[in-house]
Amino acid sequence: MRRTAVALTLLTALSCGSFVGSQAVSAASASTGGGAGRGTNILVVGIDSRAGLSAAEKRRLHVGGKGCNCTDVMMLVHLSQNRRRASIVSVPRDSYVEYASTTATAPARRGKINGAYAVGGGPLTVATVEKATGLHIDHYLETGFTGFEQTVNNLGGATVCTDKPLKDENSGLDIGAGRHLADGDRALRYVRARHVNLRPGDLGRVRRQQRVVNDLLARLTAEGALRGPISTARTVRTLLKTVRTDERTGLDDLVRIGWALGHLRADRTEFATVPIRLFDHRVPGVGSTLVWDEARSAALWKALGADRPITGDTRIQPVAKNPAPTDPARFAVRVDDSDVAAALRGGGFVVTDTSATAPPQRPAGPPVIRYATGQEENAATVAAALPGSRLQADPTLDAVVEVTVGARPVRVEAVTFDRNVADGAPVTADRLRCAEASAAAGAARPGGAVEPSGRR
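Just so you know, these numbers come straight off a predicted model, no measurement behind them.

Asker: Help me get a handle on the pattern of salt bridges, residues and values and all.
Answerer: Side-chain pairing between opposite charges can occur once the charged atoms of the two side chains come close. Summed over the entire model, instances satisfying the criterion amount to 19 salt bridges. The closest approach of N and O atoms between Asp-336 and Arg-362, which form a salt bridge, is 2.9 Å. With Asp-336 in the loop between strand S16 (332-335) and helix H11 (338-346) and Arg-362 in the loop between strand S17 (350-353) and strand S18 (368-371), the pair connects residues that are 26 residues apart, well separated along the chain. A relative accessible area of 22% means that Arg-362 is categorised as partly exposed. With a closest N to O distance of 2.2 Å, Asp-394 and Arg-370 form a salt bridge. Taken together, the residues span a long stretch of sequence, with Asp-394 in the loop between strand S19 (390-393) and strand S20 (401-404) and Arg-370 in strand S18 at a distance of 24 residues. With respect to class, Asp-394 is no different from Arg-370; both count as buried.

Structure follows, in C-alpha cells:
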C-alpha cells in the first residue's frame, strides 16, 4: 500500500472546487452508454458551493459571493490497461454540451457542463460526461474548497510557479514571478484564479491546476514522504476525510490505482485540456460558453477509448507550419515600411504604418524587432512572421512592438495562433513541472511560506 497515497494525493489535488457534503454516486447506475472500454476512467470534480462555510472561512479562502452548486473543476483521469500510462484531461467548466436525460421521456437539454450537477447531482454529471465523451466512467470522486486547502496543508504545501507576476482580485491571488511553496489557502487562490493579468479565463487556470498537481506528486516522491507503510496509512486516512467517492469505489480500488500511478515515470503521465473551437460562444439564457473542437476532441476521446497516448497525436493537436505564441490580432505593432506593414496587416496583425517618419537611409541587416518588458511573447509572434529578424529588448517602449526594417530584403510569412497550444496542448509531466532554477520560494514574500500542519 505504500503507493496508495500518490493516487489519493493526485485525485484530491485535482478537485479544486467546494465541498457540498456526502453524496454516494453509482457510476454504473448513472451511465447511459459506452462499454467498459480499455483501462480505467476516474472522474474527479470539485463543487462550487459556499454551503457550510462560515463568514470567517469565506474571507480566509476569498470565496465570497453565491455558489452555483455546480462543478467548478472537472478532470478525467485515464489509467491505461497495462498500468504504465496515465492521461489526465481537464474539462473546462463552461463547455457547452448536451446533458444526459434524467428520464426516458425528458427532452434533450443543453448547457454548460458544470450545470449538470445542479440538475441531477453526481449521477447526472457522470452520465453527461459519458454522453459527451463516449467513455465509460469507472469511478467518481468529489471534494471542495476546504478539502483542497486541508489536503495541501497536511501534505506540507504545494509548489506554485509563474514566469511573470500574477494578480487576481476575485480569487485573492497576488504572487510574484518565481517558484513558491504555498499553503492550502494560497494554493487554492492560484488554482481558482480566472482573471489573471496573463491569459485570463479557464484554460490558463486549468494549466495552473495541472502544474500544481504534477509538482506536488514530484515533491512528495522526492522527499520520500510515501516510502513507509505507517506514513502512507496516515496520509490515506487524512485524504479520505476530504474526498468523497461513489459507492463502487472502495479502498481496494484506490490501492490499485495508487500503486499504478506511483510507479509511473514522468514521461508516462500526460496532461491535456479538451481542445476548444469557440472561446466565447454566447447562448441566450446560458451566457458565454466554450465549444469543443469537434474533430480534435473526438480524436482525444477516441484515443483514450482505445487506450492510446494522447501526446504526439496530430489529430488531437495538429502541428502548425509556423506557430505563434500569441494572437497577432490582440496587440499593436508599429512598422516603418509600408510594404511590410501591409503584408503583416494582411496576416492578421494590428499594424500602424510609420514609414512616413522612417530614415531615408535604411540600416544594414535584417529587420529589428524592439519590445518592452512583458512583451516577449508578442515580439516572438512578430519574429515568426519575419524570419531572420533580430529581437532587441527596449525598456523605454510601451506595450507596442516596433519593427525597424533594414536594407536586407524582407520576407513576410503567415503565422498560426492556436490558443489550445498555449494553454492546453497535451504534454507529459516532465515538461510541465516548475523549473527548479526559478526564483526563490514564497518564503521570500510576506505570508508566502507554508506552515505544514499534518504530514509527519
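Asker: Could you give an account of the sheet that holds strand S1 (residues 40-48), naming the residues involved and the relevant values?
Answerer: What links the strands of a sheet is backbone hydrogen bonding, and the strands pair in either a parallel or an antiparallel sense. Taken in spatial order, the 7 strands of this open sheet run S11-S6-S1-S2-S3-S12-S22, and their pairing is mixed. The two strands at the open ends of the sheet, each matched to only one other strand, are strand S11 (244-245) and strand S22 (427-428). Bridge count for S1 against strand S2 (residues 70-79) is 9 bridges, and the pairing is antiparallel. From the neighbouring strand, Thr-40 faces S2, where its bridge partner is Leu-79.

Asker: Help me get a handle on helix H4 (residues 116-133), residues and values and all.
Answerer: Given 3.6 residues per helical turn, the α-helix brings residues three or four places apart onto the same face. The terminal C-alpha atoms of H4, which comprises 18 residues, lie only 15 Å apart, well short of the 26 Å expected from a rise of 1.5 Å per residue. The largest bend in H4 is about 105°, located at Gly-122, with the proline Pro-123 one to four residues further on. Every buried residue belonging to H4 is among Ala-116, Tyr-117, Gly-121, Gly-122, Leu-124, Thr-125, Val-126, Ala-127, Thr-128, Val-129, Glu-130 and Thr-133, and all of these are buried. Phi turns positive, to about 80°, at Gly-134, one or two residues after H4.

Asker: Could you give me a rundown of the pairing of S20, with the residues and numbers involved?
Answerer: Sheet topology note: the S16/S20 ladder contains 3 bridges and is parallel. Opposite Arg-334, over in S20, you have Glu-402 as the bridge partner.

Asker: Now, about empty space enclosed by the protein: what can you tell me, with residues and values included?
Answerer: Over the atoms rolls a probe the size of a water molecule, and in doing so it shows where empty space is left. Counting across every chain of the model gives 2 cavities of 30 Å³ or more. Put simply, the largest cavity is a space of about 60 Å³. Broken down by secondary-structure element, the contributors of at least two residues to the lining of the largest cavity are S2 and helix H7 (202-223). When its residues are assigned to classes, the lining of the largest cavity shows 6 nonpolar, 2 polar and 4 charged. Counted as a void, the second largest cavity has a volume near 40 Å³. In this structure, the second largest cavity is lined by Thr-273, Pro-275, Arg-296, Ile-316, Gln-317, Asn-420, Gly-424, Ala-425 and Pro-426. By residue class, the composition of the lining of the second largest cavity is 4 nonpolar, 4 polar and 1 charged.

Asker: Which residues make up helix H10 (residues 294-305), and what values do they have?
Answerer: An ideal rise of 1.5 Å per residue puts 16 Å on 12 residues; H10 measures up with 16 Å between its terminal C-alpha atoms. Among the residues of H10, those classed as buried are Arg-296, Ser-297, Ala-299, Leu-300, Trp-301, Ala-303 and Leu-304. Buried residues along H10 sit against S2, strand S3 (86-90), H4, strand S14 (287-292) and helix H13 (419-424). Following H10 by one or two positions, Asp-307 adopts a phi angle in the positive range, close to 65°.

Asker: Can you lay out the pairing of strand S10 (residues 178-182) for me, pointing to particular residues and giving the numbers?
Answerer: Each regular strand shows side chains that alternate between the opposite faces of the sheet. With burial as the criterion, only one face of S10 is covered, namely that bearing Gly-178, His-180 and Ala-182; the residues Arg-179 and Leu-181 on the opposite face remain uncovered. With 5 bridges joining them, strand S7 (residues 158-162) and S10 adopt antiparallel strand pairing. Bridged to Thr-159 within S10 is Leu-181.

Asker: Quick rundown of the packing of aromatic side chains? Include the residues and the values.
Answerer: According to the stated counting rule, one finds 2 aromatic pairs in the structure shown. Judged by centre distance (5.7 Å) and plane angle (50°), the ring pair of Trp-292 and Trp-301 falls under tilted. Since its relative accessible area comes to 9%, Trp-292 is described here as buried. Overall, the relative accessible area of 5% leaves Trp-301 in the buried class. Over the ring of Tyr-96 we find Arg-110; its NZ or CZ atom is 4.7 Å from the centre of that ring. The positively charged end of Arg-208 is found above the aromatic ring belonging to Tyr-190, 5.8 Å away from the centroid.

Parameters and conventions
- Residues numbered from 1 in each chain as written.
- Predicted model: local features only at pLDDT ≥ 70, side-chain atom pairs only at ≥ 80, totals over all residues.
- Heavy atoms only, no water.
- Salt bridge = Lys/Arg side-chain N within 4 Å of Asp/Glu carboxyl O.
- Helix = DSSP H or I, 4+ residues; strand = E, 2+ residues; numbered from the N terminus.
- Buried < 20%, exposed > 50% of the residue type's maximum accessible area, 1.4 Å probe, protein only.
- Pairing = 2+ DSSP bridges.
- Expected span 1.5 Å × (residues − 1).
- Bend = angle between axes of the 7 residues up to and from the residue.
- 1 Å grid on protein atoms, 1.4 Å probe; cavity = no way out; pocket = protein on both sides within 12 Å on 5 of 7 lines; lining within 4 Å.
- Points joined across faces, edges and corners; volume = space filled by probe spheres on them.
- Nonpolar A, V, L, I, M, F, W, Y, C, P; charged D, E, K, R; others polar.
- Contact = heavy atoms within 4.5 Å.
- Phe/Tyr/Trp six-rings, centres within 6.5 Å; stacked < 30°, edge-to-face > 60°.
- Lys NZ or Arg CZ within 6 Å of the ring centre and 35° of its normal.

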